[in-house]
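Results of the structural survey
The primary structure of each chain is shown beneath.
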Amino acid sequence: MTAEQKLEALREMIRRLDRVVVAFSGGVDSTFLLKVAVEVLGPERVLAVTADSETYPSSELEEAKRLALQLNVPHQVIETSELAIPGYAENTANRCYFCKKSLFEHLLPIMEEKGYQNVVYGLIADDMSEHRPGTRAAREMGVRAPLQEAGLFKEEIRQLSRELGLPTWNKPSFACLSSRIAYGEQITPEKLTKAA
C-alpha cells in the first residue's frame, strides 16, 4: 500500500470513530493524527487533550497550544504527575505502561463527560517492533491507535504531514524526559530538570 492509500484507510477509520478525544503531545505523529481527525470529522467532533507533567517540557506544551490553535481545534490541557503514579519513579522496564495507563485514566472520563465516543493516540507502525509497554495499557482500556492500525510508518507520516502543510513534518522525534534516565535508576524531579 502507498502512503496515500494508507491515508485513505486512516480517514475511513476515523470517520467511523465519529467523535474523538486525541491524546495530543504536539509531536509529529499526534499532530498528524489530529489534523486528519479535524479534516474528516470537523473541529466540533474532535477534542485535543495535552497532559502537562514533570516529564513534558514547557516548550513542548507551548508548541502544542500553538498547533491546536493553528488547526482550529478545541484544546484542553490537564495536569498529571507521572512521579505520583505507583511504580513509575522506580523506573522499571514497564515504566511506560504506568504512564500510559494513567494518561488514559484521565482521558476516558473527559471523553464520557463531554460526549465523545473514542480516545485515540499517536502510536505508529514503527512502534510495534520496539519494547512498548504503553500499548498494553491502550489495549486494556480500549484506546485506539489509528496510525498504527492503518500501517503508517514515521517516514510516511512525515511525507504526508509535509503535503498537508504541517510545520511538524520535519520536527525531531521527542521522547519524554524519563526516557533519558537509565532503567533501574530512580526518577526524581532533580534528574528530570537535568534531563531537560
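Residues numbered from 1 in each chain as written. Predicted model: local features only at pLDDT ≥ 70, side-chain atom pairs only at ≥ 80, totals over all residues. Heavy atoms only, no water.

Naming follows an unreviewed UniProt entry, where the protein chain appears as ATP-dependent sacrificial sulfur transferase LarE of Brevibacillus composti.

Topic: the packing of helix 1 (residues 3-17) against helix 2 (residues 28-41)
So the rule is basically this: Axis geometry follows a simple rule: fit a line to the C-alpha atoms, using only the stretch in contact for helices, then measure angles between N-to-C directions, giving values from 0 to 180 degrees. Labels follow the DSSP assignment, with helices taken as runs of H or I lasting at least four residues and strands as runs of E lasting at least two, numbered in each case from the N terminus. In this scheme the handedness of a crossing depends on how the near helix is turned from the far one: anticlockwise by less than a right angle means left-handed, clockwise means right-handed. Note on contacts: a residue pair qualifies if any of its non-hydrogen atoms lie within 4.5 Å across the two residues. Under this grouping Gly is polar, as are all residues other than the nonpolar Ala, Val, Leu, Ile, Met, Phe, Trp, Tyr, Cys and Pro and the charged Asp, Glu, Lys and Arg.
Contact geometry for helix 1 and helix 2: axes closest at 9 Å, N-to-C directions at 65°. The handedness of the crossing between helix 1 and helix 2 comes out as right-handed. Together, L7, L10, R11, I14 and R15 of helix 1 and F32, L33, V36, A37, E39, V40 and L41 of helix 2 make up the contact between the two elements. Residue composition of the contact of helix 1 with helix 2, by class: 9 nonpolar, no polar and 3 charged.

As for the side chain of E60
Spelled out, the test is: Here a polar contact is recorded for every N or O atom pair within 3.5 Å, except that within protein the pair must consist of a potential hydrogen donor and a potential acceptor, and residues adjacent in sequence are included only if both atoms are side-chain atoms.
Assignment of secondary structure puts E60 in helix 3 (residues 58-70). Polar side-chain contacts of E60 include one of 2.9 Å to the side chain of K171.

Comments concerning the UniProt feature "domain: NAD/GMP synthase" (unreviewed entry) in the protein chain
Short version of the rule: UniProt positions are given in the numbering used here, feature names are shortened, and annotations may be inferred rather than shown by experiment.
Summarizing the sequence annotation, UniProt attributes the feature "domain: NAD/GMP synthase" (unreviewed entry) to residues 17-81 in the numbering used throughout. With 43% helix and 25% strand, residues 17-81 has its two end C-alpha atoms placed 29 Å apart.

Points about the sheet that holds strand 3 (residues 75-79)
To keep it simple, the criterion reads: DSSP calls a pair of strands paired once it identifies at least 2 bridges connecting them.
Overall, parallel pairing links the 4 strands, which are arranged 3-2-1-4 in an open sheet. Of all strands in the sheet, those bounded by a partner on one side alone are strand 3 and strand 4 (118-120). Averaged over all pairs of adjacent strands, the angle between strand axes in this sheet comes to 25°, irrespective of strand direction. Bridging between strand 1 (residues 20-23) and strand 2 (residues 46-52) involves 4 bridges; their strand directions are parallel. Looking at strand 2, one finds that V22 is bridged to A48. Against the sheet, helix 3 contacts strand 2 and strand 3, and its axis sits at roughly 160° relative to strand 3. Along the sheet face, helix 4 (residues 95-114) touches strand 1, strand 2, strand 3 and strand 4 and points at about 135° away from the line of strand 3.

Regarding the layout of surface pockets
To be explicit about the condition: A 1.4 Å probe that fits into a set of points on a 1 Å grid over the protein atoms alone but cannot get out defines a cavity; an open set with protein on both sides within 12 Å along at least five of seven lines defines a pocket, and lining residues are those with an atom within 4 Å of a point. Grid points are joined across faces, edges and corners, and a volume is the space filled by probe spheres set on the points.
Volume-wise, the largest pocket comes out at about 1300 Å³. Lining the largest pocket are 47 residues, with S25, K100, R132, F174 and C176 positioned closest to its centre. Ranked by residue count, the leading element in the lining of the largest pocket is helix 4, at 7 residues. Taken together, the residues that form the lining of the largest pocket break down as 20 nonpolar, 16 polar and 11 charged.

Section: the pairing of strand 1
Formally: Residue burial is assigned from relative accessible area. The probe radius is 1.4 Å, only protein chains are included, and a residue is buried under 20% of its type maximum, exposed over 50%, and partly exposed in between. The handedness of a crossover follows from its direction of travel: if, with the strands pointing away from the viewer, the path from the first strand over the helix to the second runs clockwise, the crossover is right-handed.
Taking every second residue as pointing to the same face, both faces of strand 1 are buried, with V20 and V22 on one and V21 and A23 on the other. In this view, the connection linking strand 1 to its parallel neighbour strand 2 by way of helix 2 has right-handed handedness. Sheet topology note: the strand 1/strand 4 ladder contains 3 bridges and is parallel. Bridge pairing in strand 4 links V21 to V119.

Brief notes about the packing of helix 2 against helix 7 (residues 154-163)
Note the cut-off: An angle below 35 degrees is read as roughly parallel, one above 145 as roughly antiparallel, one from 65 to 115 as roughly perpendicular, and any other as oblique.
At a minimum axis separation of 10 Å, helix 2 and helix 7 run at an interaxial angle of 55°. As summarised for this structure, helix 2 and helix 7 are arranged oblique, according to the angle between their axes. For the pair helix 2 and helix 7, the sense of crossing is left-handed. Taking contact as the criterion, the partners of V28, D29 and F32 in helix 2 are, on helix 7, K154, I157, R158, L160 and S161. A breakdown of the residues in the contact of helix 2 with helix 7 according to their chemical character gives 4 nonpolar, 1 polar and 3 charged.

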